[in-house]
Amino acid sequence: MFKNLLKIALRNIVKEKMYSAVNILGLSVGITCSLFLLMYILDELSYDRYNVNAENIYRVISDVKEPDNAFLWSVTQGPLAEELRENYPEIRNAVQFRSTNKMLYKNGEKQFLESDFYQADSTVFEMFSYSFIEGDSRTALDEPNCIVLTEKIAIKYFGTPAGALGQSLVNARNVQIKVTGVIKDVPFNSHFRFDALLSHRNRNTDNGAWGGFGVFTYVQLPANYDLNRMRANFEKIVKQKVDPIFEKIGIKIRYDLQRITDIHLHSKIQGEKEAGGDISYIYIFSAVAVFMLVIACINYMNLATARSVNRSKEVGIRKVMGSMRIQLIVQFITESSVMTFLAMVASMVLIYLFLPAFNTLSNKHLEYRYILQPEMFLSLLATVALVGIVGGSYPAFYLSGFSPVAVLKGKLSTRGGTVVFRKVLVVTQFAISIFMLISTLIVYDQLTYLRSKDLGFDKSNVLRIDLTDYSMVDKSPVLMERLKQMPVVKSVASADDSPGDRIGKMIVEVETAEGVLDDRGVDLYAANVEYVKTMGMTIVQGRDFSRDIPADISYSVLVNEAMVSRMAWKDPIGKKFVFRDNGPDGPVIEKKVVGVIKDYHHTSLYNVIEPMMIYLRPLNHFIFVRTSEGDIAKSLTDIKTVWKEVYPNNTFEYAFLDHDLDSQYAADHKRSQLFTAFSGLTIIIACLGLLGLSAFTTEQRTKEIGVRKVIGASVKALVILVSKEFFLLVAIGTVIACPVAWYVTRTWLQNFAYRIELNDEWMTFIISAVLAFAITLLTVGFHVVRAASTNPVKSLRSE
């Protein structure tokens, strides 16, 4: 029985070559794209789940409330992990990661600047599932001055992982650090990736003070542990250790927990180590995957019902010969399933061919074996079954319901199919396609806005050079003076922070509008005299730092407009800042505002501009070089030559400031490219269906077109005649799609502190509708023009 059904299905597929090709192509593209999106979604959902204890590991975050500001931080104070380990025995483990910042490491002649080396507690390998290649996880970080390398770093310095064990690296402070272990590279689906872990015992301090933030803290709790108990413990710690420091200056600190499996998709807080995902994109891409399958199914149903006249006599004869309706239904669903199976085979080939391109497009690292995972394999089978059965169900029930008497008497409608239902399917197709088109254009406009928005300074042609230790900083005046003498260099400056990087924050006494000092949390960093000029910033009130005023280095600061607004200063010039240098025991320093700079975006446009203070310091860790426009490669070569003369033993590390700033939006840019690509493919699949449907519609109206041409109708009039029905369906689809697209894109735009206004995007909606009409006209018009160009004698010969 099944063999006979399969044979008939294959014969019909081969017989109707154009119909089969359109369907298989549409289905294979739809299935391929849906599977790619499913792979992306599963990878996003897999973050940190490789850890055996993932369900019981939490990151501790800090909820900071200042008198006039509030924010969440991904970091805590240094002593928290040790406090939890020693005084709260119900906690299974507590671990912290502390950045070592950029530092030079050497092995003989090999030397590299590393920015992803972290200090960690010795119990880190008990909490997290990092796979050891060499060494013992139980003792690897027990002693001071030891380090565990990832596989790629071990190969970079020592050639092989085995060759690294027992060897040593020397850092920029001339400290020898022994390699006690090598682990596999941290998986890409991790919210926290590093290149090496150093023993936390390297620190000579008492783990830092409770007043300073800057470490990532994780706790492992017992299974089914009541998190409210942990929060109660946090309240106790805050009351004993934290409040005595912060309450007197009006700042309230509270700790909370984030399950590590939730961080990648759900965390929107300051100070994240890696660019996070976004759960909203999971919903969006899930919807796109479903849309593609729905449109592929609609194509099949539309074409199957449109060609019902061609199958009607077959159904009539089969029924006269004794076939039951259930047998006919099984036959048609078998045909649909076979066609879907062929599309699935084609999809496997397409996935094999395009997986590298998809990885590049989506910034993923998926391997071919990913498709063999149980979730993917079952999803593939479910997709084939769903498309085969759902896509073939309506044609099967419709075609099997023909009356054999009506069919054999030739009384079946020549238009084929339930017209209303088919129109509903076409409207659904157009609505989805127009929704995708509108959304794609708005996503593109928003990301273009982010890249082109005035940041308040000139980011172009600025080279940033990193000085990684104090000995290099001490020699920086020589470097800067040599660079200023170069023809390609317009200006040179230094600062202790860089636009695009996280900025430091300090509790500072600030003079209020009433003239009293009040404690405030202030973003601040140091810069030299040439910084404002080199960065192209604007002084809107007062003056810039000046070499001609020696007192500036001791007493002067610049603030931004946000600081003036926050403090409600009518006249900011002369307002005081009082703080202690080098920690709570350092000398008291008083500075005054000498100028106000126009607000600029130090962090990304996802964040609002925070109040900021810049104080004067001649020597800093970042050198900014503004170059003339021209041959960038030659300019870099000349600058590198000067660098080697000043720092012959140090690696030349640089970055273009505009590239750094644009990288803040790299994750969203990749996701938008992915969305755009699949939106385009969704529209192409819809066009394939429209192409096939218009071909059958035109074929069924060939005689009508011939008669109308004989009585004088023009080709233009015939195109309008046949197209107007489709135009009406496009119009209905547009009316449905526009409000849905408005709501969805408006919700998405709320993620951005600075965004385009949808009220200004009305042209996007009009352009999308016009494009839909144009595509319809081209697709339908092609077949109508061809039919209208045919000699009417041929189409009317049988009459």
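Note that this is a predicted model, so its numbers are computed, not measured.

1. Focus: the overall build of the chain
Then, in step 1: Within the chain, the regular secondary structure consists of 26 helices and 25 strands.
Then, in step 2: Out of the 799 residues belonging to the chain, those deemed buried represent 51%.
Then, in step 3: The contacts of the chain with a sequence gap of at least 6 include a subset with a gap of at least 24, amounting to 79%.
Then, in step 4: Summed over its atoms, the accessible surface of the chain is roughly 36400 Å², and 58% of this surface lies on carbon and sulfur atoms.

2. A few points about the confidence of the model for the chain
Then, in step 1: For the chain, per-residue confidence averages 83 on the pLDDT scale, and 88% of positions sit at 70 or higher.
Then, in step 2: Considering only residues more than four positions removed or in separate chains, one finds that residues 203-207, a stretch of pLDDT under 50, has nine contacts.

3. What about unusual backbone geometry?
Then, in step 1: Not every positive phi belongs to a glycine, and N145 is a case in point at roughly 55°.
Then, in step 2: As for its position among the elements, N145 is in the loop between β8 (132-135) and β9 (146-150).
Then, in step 3: One non-glycine residue, N224, lies in the positive phi region at around 60°.
Then, in step 4: The topology assignment puts N224 in the loop between β13 (213-220) and α7 (227-246).
Then, in step 5: Under the relative-accessibility criterion, N224 is labelled exposed at 81%.

4. Details of the packing of helix α23 (residues 702-710) against helix α24 (residues 715-749)
Then, in step 1: Their axes nearest at 11 Å, the elements α23 and α24 cross at an angle of 145°. Regarding α23 and α24, the two cross each other, and that crossing is right-handed. Contact with α23, carried on its side by E704, I705 and R708, involves L718, L721 and V722 of α24 and no other residues of that element.
Then, in step 2: Here the residues of the contact of α23 with α24 sort into four nonpolar, no polar and two charged.

5. Notes on the side chain of T100
Then, in step 1: Mapped onto the fold, T100 is located in the loop between β4 (93-99) and β5 (103-107).
Then, in step 2: For T100, the side chain forms a polar contact with the main-chain oxygen of F117, separated by 2.9 Å.
Then, in step 3: Filtering out sequence-adjacent residues up to four positions away, T100 remains in contact with Y105, F117, Y118, Q119 and L198.

6. Considering a nonpolar patch on the surface
Then, in step 1: Judged by side-chain polarity, W762, M763, I766, I767, V770 and L771 come together as a nonpolar surface patch covering roughly 550 Å² of accessible area.
Then, in step 2: Mapped onto the secondary structure, I766 falls in helix α25 (residues 762-789).

7. Observations concerning the pattern of salt bridges
Then, in step 1: Summed over all chains, the structure comprises 29 salt bridges.
Then, in step 2: Across the pair R254 and D63 runs a salt bridge whose closest N-O atoms are separated by 3.2 Å. With R254 in strand β14 (residues 252-259) and D63 in strand β1 (residues 57-66), this pair connects stretches of sequence that are 191 residues apart.
Then, in step 3: Residue classification places D63 among the buried positions, given a relative accessible area of 10%.
Then, in step 4: In this structure, R547 engages E530 in a salt bridge whose closest nitrogen and oxygen atoms are separated by 2.0 Å. Of this pair, R547 sits in the loop between β19 (539-542) and α18 (552-555) while E530 sits in the loop between β18 (517-527) and α17 (531-534); the two residues are 17 residues apart in sequence, bridging distant segments of the chain.

8. Quick look at the nonpolar core
Then, in step 1: Residues Y525, Y531, M537 and F678 are the most contacted members of the largest nonpolar core, which totals 107 residues.
Then, in step 2: No other element matches the 14 residues that helix α9 (residues 279-306) contributes to this core.
Then, in step 3: Setting aside chain neighbours within four positions, we find F678 in contact with C33, F36, L37, V288, M292, F358 and M436.
Then, in step 4: The next biggest cluster of nonpolar side chains, apart from the first, holds 50 residues, and it includes W210, Y225, I251 and I263.

9. Description of the packing of helix α3 (residues 80-87) against α7
For any two helices packed against each other, the geometry comes down to the angle between their axes and how far apart the axes lie.
Then, in step 1: One way to put it is that α3 packs onto α7 with a least axis distance of 12 Å and a crossing angle of 115°. Between α3 and α7 lies a crossing whose hand is right-handed. On α7, the residues that touch L80, E83 and L84 of α3 are M230, F234, I237 and K241.
Then, in step 2: Its residues placed into classes, the contact of α3 with α7 shows five nonpolar, no polar and two charged.

10. Structural notes on the packing of aromatic side chains
The relation between two aromatic rings is expressed through the spacing of the ring centres and the mutual angle of the planes.
Then, in step 1: Here the structure, examined in full by the defined rule, presents 38 aromatic pairs.
Then, in step 2: With 6.4 Å between their ring centres and 45° between their planes, Y157 and F158 make a pair best called tilted. With respect to burial, Y157 and F158 carry one shared label: buried.
Then, in step 3: With a centroid separation of 6.0 Å and an interplanar angle of 40°, the aromatic rings of Y281 and F285 are classed as tilted.

11. So, α3
Then, in step 1: Taken together, the buried positions of α3 are L80, A81, E83 and L84. The arc enclosing the buried residues of α3, seen along the axis, measures out at 165°, which places them on a common side.
Then, in step 2: Where α3 is buried, its residues meet β1, β3 (76-77), β4, β13, α7 and β14.

12. Things to note about the pairing of strand β16 (residues 489-495)
Then, in step 1: Burial within β16 is extensive, with six of its seven residues counted as buried.
Then, in step 2: Across six bridges, the pairing between β16 and strand β24 (residues 622-627) is antiparallel. Of the residues in β24, the one forming a bridge with V489 is T627.

13. Structural notes on the environment of I503
Then, in step 1: For I503, the position within the fold is in the loop between β16 and β17 (505-511).
Then, in step 2: On a C-alpha basis, the gap between I503 and T603 in space is 8.1 Å, while along the polypeptide they are 100 residues apart.
Then, in step 3: In contact with I503, other than residues within four places in its own chain, are D497, D523, L524, Y525, H602 and M612.

14. Some details on the pairing of β9
Then, in step 1: Counting buried residues in β9 gives five out of five residues, a clear majority hidden from the surface.
Then, in step 2: Neither face of β9 is open: one carries C146, V148 and T150, the other I147 and L149, and all of them are buried.
Then, in step 3: The pairing of β9 with strand β11 (residues 176-183) spans five bridges and is classified as parallel. From the neighbouring strand, T150 faces β11, where its bridge partner is I183.
Then, in step 4: Bridge count between β9 and strand β12 (residues 196-199): three bridges; the pairing is antiparallel. Its bridge partner being in β12, V148 is matched across the sheet by L197.

15. Some remarks on the environment of L42
Then, in step 1: Inspection of the secondary structure puts L42 in helix α2 (residues 17-45).
Then, in step 2: Expressed as a C-alpha distance, the spacing of L42 and E375, which sit 333 residues apart in the sequence, is 8.5 Å.
Then, in step 3: What L42 contacts, discounting residues up to four positions off in sequence, is Y370, E375 and M376.

Rules and cut-offs
- Residues numbered from 1 in each chain as written.
- Predicted model: local features only at pLDDT ≥ 70, side-chain atom pairs only at ≥ 80, totals over all residues.
- Heavy atoms only, no water.
- Helix = DSSP H or I, 4+ residues; strand = E, 2+ residues; numbered from the N terminus.
- Buried < 20%, exposed > 50% of the residue type's maximum accessible area, 1.4 Å probe, protein only.
- Contact = heavy atoms within 4.5 Å.
- Areas by Shrake-Rupley, 256 points an atom, 1.4 Å probe, with all protein chains shown as cover.
- pLDDT = per-residue confidence, 0-100.
- Axes fitted to C-alpha atoms, helices over the stretch in contact; angles between N-to-C directions.
- Left-handed = near helix turned anticlockwise from the far one by under 90°.
- Nonpolar A, V, L, I, M, F, W, Y, C, P; charged D, E, K, R; others polar.
- Polar contact = N/O pair within 3.5 Å; in protein donor to acceptor, adjacent residues only side chain to side chain.
- Patch = residues over 30% accessible without salt bridge, like charges linked within 9 Å, V, L, I, M, F, W, Y side chains within 5 Å.
- Salt bridge = Lys/Arg side-chain N within 4 Å of Asp/Glu carboxyl O.
- Core = buried A, V, L, I, M, F, W, Y, C linked by side-chain atoms within 4.5 Å.
- Phe/Tyr/Trp six-rings, centres within 6.5 Å; stacked < 30°, edge-to-face > 60°.
- Arc of directions from axis to C-beta.
- Pairing = 2+ DSSP bridges.

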